[in-house]
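Listed below, chain by chain, are the residues.
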Amino acid sequence: MAVNAVVQHSVSIRLACRSLGISESCYHYCARLSGENALVADWLLRLTYANKQWGFGLCFLYLRNVKGFRWNHKRVYRIYRELELNLRIKPKRRIKRDKPEALSVPVAINQVWSMDFMSDSLIDGRTLRTFNVIDDYNREGLAIDVDLSMPSLRVIRSLEQVIEWRGKPAAIRCDNGPEYLLSTSPLMGQF
């Protein structure tokens, strides 16, 4: 606005600056480091292309400590943002997994049982848990225990009751859920 007032209305620089509330040094200021900004941008682009894992911190430390440039971190970060290097998104790591083997189909009763937990919530917010044991041969539900909490001793007792009634299975199939992690069951030695 001050430049416009001086050029179009033939006002002195001092009067234009005083009326707009800016200093004369602000009026005369010219950015002298724009060529150096291009050099900073070039270095940042090269570093982020060569080292895709590096963020701003590692790029700045490399330029300061390895290359010996004395650029201010605020200036380097401003250029880093202008280049939109701060918006890089990390690609998700995909876990390569082999195709799972097909489940073996049992040919007789008591060959393979499956057991799992299911849960639902009541209207008052409490969680209802069920423990299910199924014979895989004929899809018969051998046990369904329902309670608000299902401690490991309750699960063991339920399995022992089913074994007492039907006999031991050759194998028990279960998922790798968190409910089976700390199970120190006396049944483990029986199967």
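Residues numbered from 1 in each chain as written. Predicted model: local features only at pLDDT ≥ 70, side-chain atom pairs only at ≥ 80, totals over all residues. Heavy atoms only, no water.

Visitor: Hey, could you run me through the sheet that holds strand β3 (residues 140-147) in this one?
Guide: Hydrogen bonds between backbone atoms are what pair the strands of a sheet, whose relative direction is either parallel or antiparallel. Spatially, the four strands line up as an open sheet ordered β3-β2-β1-β4, and their pairing is mixed. Strand pairing shows two members of the sheet lacking a second neighbour, β3 and β4 (171-173), which therefore form its edges. When strand polarity is set aside, the average angle formed by the axes of neighbouring strands in this sheet is 20°. Bridge analysis of strand β1 (residues 112-121) against strand β2 (residues 127-135) gives nine bridges, and the strand direction is antiparallel. (Pairing = 2+ DSSP bridges. Helix = DSSP H or I, 4+ residues; strand = E, 2+ residues; numbered from the N terminus. Axes fitted to C-alpha atoms, helices over the stretch in contact; angles between N-to-C directions.)

Visitor: Can you help me understand the nonpolar core in this one?
Guide: Most often, soluble globular proteins have nonpolar side chains that are buried together. In terms of nonpolar packing, the biggest core is built from 14 residues, with Val-40, Leu-44, Leu-63, Trp-71 and Val-76 touching the most fellow members. Elements represented by at least two residues in this core include exactly α4 (34-50), α5 (56-66) and α6 (73-82). The biggest single contributor to this core is α4, with five residues. Ignoring anything within four residues of it in the chain, the contact list for Val-40 reads Trp-71, Val-76 and Ile-79. (Core = buried A, V, L, I, M, F, W, Y, C linked by side-chain atoms within 4.5 Å. Buried < 20%, exposed > 50% of the residue type's maximum accessible area, 1.4 Å probe, protein only. Contact = heavy atoms within 4.5 Å.)

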